[in-house]
Amino acid sequence: MSNKKIGIMGGTFNPIHNAHLYMAEQAREQFHLDRVIFIPSGFSYFKQGMEIPDGSIRYQLVKKAVESNPYFTVSRIEIDRPGDTYTIETLEQLSDMYPGDDLYFIMGADSVNSLDKWVRFTDILEICTILAAVRNDTDEKTLVKKIEELKSIVPSADIRMIRTGRLDISSTMIREKIHNKQSVRYLLPEECLEYIVMNNLYAEDNQISLNSDDVKIY
Ligand code: NAP
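Residues numbered from 1 in each chain as written. Predicted model: local features only at pLDDT ≥ 70, side-chain atom pairs only at ≥ 80, totals over all residues. Heavy atoms only, no water.

## With respect to the domain arrangement of the chain
Right, so step 1: The domain boundaries assigned to the chain delineate domain 1 (5–168) and domain 2 (170–218).
Right, so step 2: With centres defined by C-alpha atoms, the gap from domain 1 to domain 2 works out at 26 Å.
Right, so step 3: The partner domain 2 presents 15 residues to the 15 residues of domain 1 that form the contact.
Right, so step 4: Interface area for domain 1 against domain 2, summed over the two sides, is near 1300 Å², with a carbon-plus-sulfur share of 66%.
Right, so step 5: By the criterion of area lost to domain 2, the three top residues of domain 1 are P15, L61 and K64, representing 34% of everything that side buries.
Right, so step 6: Here domain 1 is connected to domain 2 by 0 salt bridges.
Right, so step 7: Taken together, the connections running from domain 1 to domain 2 amount to 5 residue pairs in polar contact (both at pLDDT 80 or more).
Right, so step 8: Sorting the residues of the side of domain 1 that touches domain 2 by element identifies α1 (18–30) and α2 (55–66) as the ones contributing at least two each.
Right, so step 9: Ranked by the residues each element gives to the side of domain 1 that touches domain 2, the list is headed by α2, at 5 residues. (Domains from an automatic or database assignment. Contact = heavy atoms within 4.5 Å. Buried area = accessible area lost by both parts, 1.4 Å probe. Salt bridge = Lys/Arg side-chain N within 4 Å of Asp/Glu carboxyl O. Polar contact = N/O pair within 3.5 Å; in protein donor to acceptor, adjacent residues only side chain to side chain. Helix = DSSP H or I, 4+ residues; strand = E, 2+ residues; numbered from the N terminus.)

Here is the structure:
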């Protein structure tokens, strides 16, 4: 049996949105990945002080977002693992689970710029290929310089770029809009939006909106 190419899309996903899904799909298509596993983070030490919904809630949102794509799945490995979430531990767990398969970690270009601050980043660069989503507003010169710097530390590092164009959506933008009762329709899958409304996430009183006759989903 030939080795499979497995994409890994890690994220806080607070909440997941269409740019996450689009970049994973672009990575799958451009790098001929056999599948992409979405991995919502557990406790993120780098987001301390932020109010983040429980991992199980973010997992449900991701599950709803990916279920229509046969190449996408979601995993609980980070939310079920006690303690802080470190990507290297996830990658080691996945390489034990899928021996012989090739791992491709998908991330935004901004994350590449801070990758050398991640725990055991040299091991990360040894164990997987990094696919960096380059947006139209990405400063490519800085990115290329960073990639060269990382390669000078780990010569075997394989960091490639995914062309995604500009995707002007962020989880922060969605949370703020919901909080301000502005529409977020078409920024994330409808199923996720319904889950957010039904579970009263990101706002104190968005629940009423689904119960009224003139259904308005913020
Ligand atoms: P996130 O906010 O949910 O975003 C997930 C990914 O999507 C990020 O790489 C982000 O890239 C990208 N993204 C979001 N919106 C985008 C858009 N409009 N266009 C293109 N890309 C977009 O997750 P996160 O909090 O950044 O965490 C990402 C992963 O890094 C997680 O798996 C986390 O555990 C891991 N991490 C690990 C360590 C560690 O091991 N020490 C430290 C930090 C993070 P950008 O960064 O470019 O926005």
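That covers the picture; the talk isn't over yet.
## Let's talk about the side chain of S41
Right, so step 1: Residue placement: S41 occurs in the loop between β2 (35–40) and α2.
Right, so step 2: The class of S41 is buried, set by a relative accessible area of 5%.
Right, so step 3: Apart from residues lying up to four places away in sequence, S41 is in contact with G11, T12, R58, E78, I79 and T85. (Buried < 20%, exposed > 50% of the residue type's maximum accessible area, 1.4 Å probe, protein only.)

## A look at the nonpolar core
Right, so step 1: If you look at the biggest cluster of nonpolar residues, it comprises 38 residues, and the most contacted ones within it are I16, F38 and I106.
Right, so step 2: Put simply, the parts of the chain that give this core at least two residues each are α1, β2, α2, β3 (72–74), β4 (102–108), β5 (129–134), α8 (171–179) and α9 (190–198).
Right, so step 3: Both domains that meet at this core, namely domain 1 (5–168) and domain 2 (170–218), each give it at least three residues.
Right, so step 4: In this structure F38 touches M9, F13, I16, H20, L21, A24, V62, V66, F72, T73, V74 and S75, once residues within four positions along its chain are discounted.
Right, so step 5: Within the second largest apolar cluster, 27 residues are counted, among which are I39, L91, F121 and C128. (Core = buried A, V, L, I, M, F, W, Y, C linked by side-chain atoms within 4.5 Å.)

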